[in-house]
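Next come the chains, spelled out residue by residue.
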Amino acid sequence: KKDGKLRILVATNQLIVPAGTEQHALTVVQELYILGHHIDVFSFHLGEFALKFEPFAHVTNKLQKDYDLILITHNTCLRALSACKGYKIFTSHGAIHELEQPILGADAYVSVRAEVARNLSSQSFVNTTIWNPIDLNMFYPSKKLSKDLS
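Since this is a predicted model, take the numbers as computed values, not measurements.

Colleague: Whenever I open this one, the sheet that holds strand β8 (residues 108-111) confuses me. Can you help?
Modeller: Remark on secondary structure: sheet strands pair via backbone hydrogen bonds, oriented parallel or antiparallel. One open sheet accounts for seven strands, arranged β5-β3-β1-β6-β7-β8-β9; its pairing is parallel. Edge positions in the open sheet fall to β5 (58-60) and β9 (128-129), since each of these has one partner strand only. Packed onto the sheet, helix α3 (residues 114-122) meets β7 (85-92), β8 and β9 and runs at close to 145° relative to β8.

Colleague: Is there a simple way to explain the packing of aromatic side chains in this structure?
Modeller: Centre-to-centre distance and the angle between the planes together describe a pair of aromatic rings. Counted by the stated rule, this structure contains five aromatic pairs. Here the aromatic rings of F42 and F44 are separated by 5.1 Å at their centres, their planes lie at 80°, and the arrangement is edge-to-face. On the basis of relative accessibility, which here comes to 33%, the residue F44 falls in the partly exposed class. Here the aromatic cluster, defined as three or more aromatic residues joined through ring pairs, consists of F90, Y109 and F125.

Colleague: Help me understand the pairing of β8, please; the structure alone is not making it clear to me.
Modeller: Put simply, side chains in a regular strand alternate between the two faces of the sheet. Residues A108 and V110 line one face of β8 and the alternating positions Y109 and S111 line the opposite face, and both faces are buried. Pairing of β7 with β8, which is carried by four bridges, proceeds in the parallel orientation. Bridging from a neighbouring strand, T91 pairs with V110 of β8. In this structure, β8 lies alongside β9, joined through two bridges in parallel fashion. Opposite S111, over in β9, you have T129 as the bridge partner. Taken together, β8, α3 and β9 constitute a β-α-β crossover, and its handedness is right-handed.

The rules behind the values
Residues numbered from 1 in each chain as written. Predicted model: local features only at pLDDT ≥ 70, side-chain atom pairs only at ≥ 80, totals over all residues. Heavy atoms only, no water. Pairing = 2+ DSSP bridges. Helix = DSSP H or I, 4+ residues; strand = E, 2+ residues; numbered from the N terminus. Contact = heavy atoms within 4.5 Å. Axes fitted to C-alpha atoms, helices over the stretch in contact; angles between N-to-C directions. Phe/Tyr/Trp six-rings, centres within 6.5 Å; stacked < 30°, edge-to-face > 60°. Buried < 20%, exposed > 50% of the residue type's maximum accessible area, 1.4 Å probe, protein only. Right-handed = clockwise from strand over helix to strand, strands pointing away.

Dropping the structure here:
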């Protein structure tokens, strides 16, 4: 893009309750918004938690066809996005849950911790570990830390 701003889709299975993957998606969307990118958020199941995304992105359960970048969690979303054009990155947040299991169709695969990386590798998916981001506006000490901590 000439202006450096990308058209980005962030996809997750549900936005009803703020589970870990959904909170991860919100943190990523907020940071992409700060950088000035154009963001759509896709989910099959929209609910109360989807409202948290609205100041930063267009939330929808209808898909466009073309994006510069598609950030995907949950294999159900990767299947649904097979016809969409764009560089697809599948992020797995867990080694056990069925939705977190990798499937073919992404251009790159990301794990969020060593256990997940081993799971993806055991299924022959080359992956890069990128640790979960932390929203420091949400997670911070509620009281002054002790001087005894070292």
